[in-house]
Amino acid sequence: MRFCSKCVIPDTRPDLDFNEGGECDACRAYEMKHGYRKGLDWEQREKEFVEFIKPFKTGDPMRYDCIIPVSGGKDSTYQTHIALQYGLKPLCICFEPTLPTKIGRQNLDNLNNMGVDLIHFKRNPIIYDRLVMEGFRRVGDPEWINHVGIWTVPVNFAVAFNIPLILWGESPQMEYGGLHRVKEINKRLFDEDWMNDFGCLNGLRAEDMINESNGVSHSDMKMYIYPLREKLDEVVVNNVRGLQGVFLGYYFKWDIPTAVDTIETLGWRRRKGRVETTYTDYEGLDCYSMNIHDYLKYCKFGFGRASDDASRDIRNSRIDREQGVRLAERYDGRYPKHLVEKFCVRFGLSQNEFDDICDSFTNKELFERRDRKFVRDIDGSLVMKSKYFEARRHPS
Ligand SMILES: [Zn+2]
């Protein structure tokens, strides 16, 4: 495992590449976004957006112009703010988080109160719970089905309501790197190919879950299955045929601290105290189990949410690399006891069963083992090999 010389992200992160100088491409994407290197012309991009949305603004009082997939998180409030600023009439759709938090619910209510219609999609919990455990056991991610639902449910609603535009937030490749692996068209457009390649689905498709013996039928999965191409093409408005999903981060500079400042003036709230898996108080605060996903990321790849947050803060010059290293060492990989307890109670697991599943996905190369078992400190945390702490402190 090797670390970026600018931020604290390792090369174990999927889809991330390093240049000869040891810089990761998330750092390079940040510099492009902010115009330090061959920068992006954001004024031009904004004009492009204004032109792009023209045919979608029908002025028809009986129609919505676009769908916005929302949660209680910061990005969806910012997406909604932009849509309203540019005169669009959105229908917001929330796919319920696995373990919703109180602050997430309050922020979702706040988003609703910004003056938009909101559908809170409460999925069948019996099927959903089965799929959470399937995702956990099969690909080591209890959030697998949540990711599927976040991507597919708004698309299914768009087809059903004949709403031809979906406004997504910033594409993860813009924030976390891997942009050069994305097809040119998918830097702007969201589609099924992008979802399968980059939607955190680990190669598992919704259709793979249909199994009558497990009690999951095709009908149970209908909202999790991406609509057929013909169905997307049937969506039509003002001579524009075919549903389009775009990343707003393509048109607008998605600077998180600035976005958070903006949405706080609109009533969005941070949580009190930090999120258990990191040091910030505004990331991943709408769902407890998203933090479990972050913990598993640490088990698989040796870095967690704190490394992501510190890397972003290094890039935007809020902290230096040395401080980033300290924050990563302090917060990444701490066993999230409170979250694990919550998850285990909700899904009827013992802590040992939970740990056994995590262990089956934990990277043997990165963590200390003894007698063919992972070494854990008394607080339950895995022990990363010391050479990797060194590698992060002194990237070559
Ligand atoms: Zn970097």
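Residue numbers run consecutively from 1 along every chain, following the written order of its sequence. Note on the predicted model: pLDDT of at least 70 is required for a residue's local features to be given, and 80 or more for side-chain atom pairs to be given and counted; whole-chain, interface and lining totals, by contrast, use all residues. Side-chain figures throughout are based on the complete set of non-hydrogen atoms in the structure, without hydrogens or water.

Enquirer: Quick one: what's the story with the overall build of the protein, residue by residue and with numbers?
Expert: Helix and strand content of the protein: 17 helices and ten strands. Radius of gyration (C-alpha) of the protein: 21 Å, near the 21 Å computed for a compact globule of 396 residues. Dimensions of the protein, computed from the C-alpha atoms along their principal axes, are close to 65 × 55 × 40 Å. Note on exposure labels: buried denotes an accessible area under 20% of the residue type's maximum, exposed denotes more than 50%, and partly exposed covers the range between, all computed with a 1.4 Å probe on protein chains only. Across the 396 residues in the protein, those meeting the buried criterion constitute 56%. A contact between two residues is defined here by any heavy atoms of the two lying within 4.5 Å. A fraction of 71% describes how many contacts in the protein between residues 6 or more apart in sequence connect residues 24 or more apart. Approximately 17,800 Å² of the protein is accessible, and the part contributed by carbon and sulfur atoms is 48%. This count recognises Lys and Arg as positive and Asp and Glu as negative, with His and chain-terminal groups excluded. In plain terms, the charge of a residue is placed at NZ if it is Lys, CZ if Arg, CG if Asp and CD if Glu. One finds the centroid of the 59 positive side-chain charges in the protein at a distance of 2 Å from the centroid of its 62 negative side-chain charges. In this description a helix means any DSSP run of H or I spanning at least four residues, a strand means any run of E spanning at least two, and both kinds are numbered starting from the N terminus. Each radius of gyration is computed over the set of C-alpha atoms, and the globule rule expresses the reference value as 2.2 Å times the number of residues to the power 0.38. The method behind every accessible area is Shrake-Rupley, applied with a 1.4 Å probe, and residues are considered shielded solely by the protein chains displayed.

Enquirer: Residue-level account of the environment of Ala-391, with values.
Expert: Its location among the elements puts Ala-391 in helix 17 (residues 386-393). Each C-alpha atom, one on Ala-391 and one on Ile-210, is 44 Å from the other, the two residues being 181 residues apart in sequence. For Ala-391, the residues in contact, after removing those within four places along its chain, are Met-1 and Phe-3.

Enquirer: Describe the packing of helix 14 (residues 321-331) against helix 17, naming the residues involved and giving the relevant values.
Expert: Between the N-to-C directions of two axes lies an angle of 0 to 180 degrees, each axis being a line fitted to C-alpha atoms and, for a helix, fitted only over the stretch in contact. Orientation of helix 14 relative to helix 17, taken along the N-to-C sense of each, is 155 degrees, at an axis distance of 10 Å. Relative to helix 17, the element helix 14 is oriented roughly antiparallel. Listed contacts from helix 17 to Arg-321, Val-325, Ala-328 and Glu-329 of helix 14 are Phe-389, Arg-392 and Arg-393. Basically, the charged four are Asp, Glu, Lys and Arg, the nonpolar ten are Ala, Val, Leu, Ile, Met, Phe, Trp, Tyr, Cys and Pro, and anything else, Gly included, counts as polar. Along the lines of polarity and charge, the residues of the contact of helix 14 with helix 17 split into three nonpolar, no polar and four charged. Note on angle classes: values under 35 degrees are labelled roughly parallel, values over 145 roughly antiparallel, values of 65 to 115 roughly perpendicular, and the remainder oblique.

Enquirer: So what's going on with the side chain of Lys-33? Residues and values would help.
Expert: Topologically, Lys-33 is positioned in helix 1 (residues 25-33). Residues within four places of Lys-33 in sequence aside, it is in contact with Leu-40, Trp-42, Glu-170, Met-174, Lys-253 and Trp-254.

Enquirer: Please set out unusual backbone geometry residue by residue, giving values where relevant.
Expert: The phi dihedral of Asp-15 is positive, around 70 degrees, even though this residue is not glycine. Positionally, Asp-15 belongs in the segment before helix 1. Its identity as a non-glycine residue notwithstanding, Asn-202 has a phi of 55 degrees, on the positive side. Within the fold, Asn-202 resides in the loop between helix 8 (192-198) and helix 9 (229-234). Take Asn-202: its relative accessible area is 46%, and that puts it in the partly exposed class.

Enquirer: Before we move on, can you summarise the coordination of the zinc ion with the specific residues and values?
Expert: Ideal values differ by geometry: the angle at a metal is 109.5 degrees with four tetrahedral donors, but 90 or 180 degrees with six octahedral donors. For Na, K and Ca the donor cut-off is 3.2 Å, and for all other metals it is 2.8 Å, counting N, O and S atoms only; because water is absent from this set, sites may look incomplete. Around the zinc ion, the protein contributes the donor atoms Cys-4 (SG), Cys-7 (SG), Cys-24 (SG) and Cys-27 (SG), at 2.3 Å from the metal centre. Here a site with four donors is tetrahedral if all angles are between 85 and 135 degrees, and a site with four or six donors is square planar or octahedral if opposite donors are over 155 degrees apart and the other angles are between 65 and 115; anything else gets the irregular label. For the zinc ion, the four donor atoms in the first shell make angles of 104 to 113 degrees at the metal, a pattern classed as tetrahedral. For the zinc ion, the donor residues sit on a single chain with the sequence spacing C-x2-C-x16-C-x2-C. One end of the pair, Cys-7, is in the segment before helix 1; the other, Cys-27, is in helix 1, and 20 residues separate them in sequence. What makes Cys-7 buried here is its relative accessible area of 0%.

Enquirer: Can you lay out the nonpolar core for me, pointing to particular residues and giving the numbers?
Expert: What tends to happen in soluble globular proteins is that the nonpolar side chains get buried as a cluster. By nonpolar core we mean a set of buried residues, namely Ala, Val, Leu, Ile, Met, Phe, Trp, Tyr and Cys, connected to one another through side-chain atoms within 4.5 Å. Counting residues in each nonpolar core, the largest one holds 64 residues, and the members touching the most others are Phe-136, Ile-145, Phe-190, Met-221, Tyr-224, Phe-343 and Phe-354. Those elements giving two or more residues to this core turn out to be strand 2 (90-95), helix 5 (125-139), helix 6 (144-161), strand 4 (165-168), helix 8, helix 12 (288-301), helix 15 (337-347) and helix 16 (351-361). A total of eight residues in this core trace back to one element, the largest contributor, which is helix 6. Residue ranges assigned to the domains are those given by an automatic or database domain assignment. Residues from two domains meet in this core; each of domain 1 (42-251) and domain 2 (271-393) gives at least three.

Enquirer: Break down the packing of aromatic side chains for me, with residues and values.
Expert: Pairing of aromatic rings covers Phe, Tyr and Trp, the last counted by its six-membered ring, and requires centre-to-centre distances within 6.5 Å; plane angles under 30 degrees mean stacked, over 60 mean edge-to-face, and any other angle means tilted. If you walk through the whole model with that rule in mind, you get 29 aromatic pairs. When the ring of Phe-121 is compared with that of Phe-157, the centres are 5.9 Å apart and the planes differ by 80 degrees; the resulting orientation is edge-to-face. Of the two residues, Phe-121 sits in strand 3 (residues 117-121) while Phe-157 sits in helix 6, which places them 36 residues apart along the sequence. Here the two residues Phe-121 and Phe-157 agree in accessibility, since each one is buried. An aromatic cluster is built from Phe-49, Phe-52, Phe-56, Tyr-86, Tyr-250, Tyr-251 and Phe-252, whose rings are joined through pairwise contacts. Note on geometry: a ring has a charge over it if NZ (lysine) or CZ (arginine) is within 6 Å of the ring centre and within 35 degrees of the ring normal. Positioned above the aromatic ring of Tyr-128 is the side chain of Arg-123, whose terminal nitrogen or guanidinium carbon lies 3.7 Å from the ring centre. Residue placement shows Arg-346 over the ring face of Phe-347; its charged tip is 4.7 Å from the ring centre.

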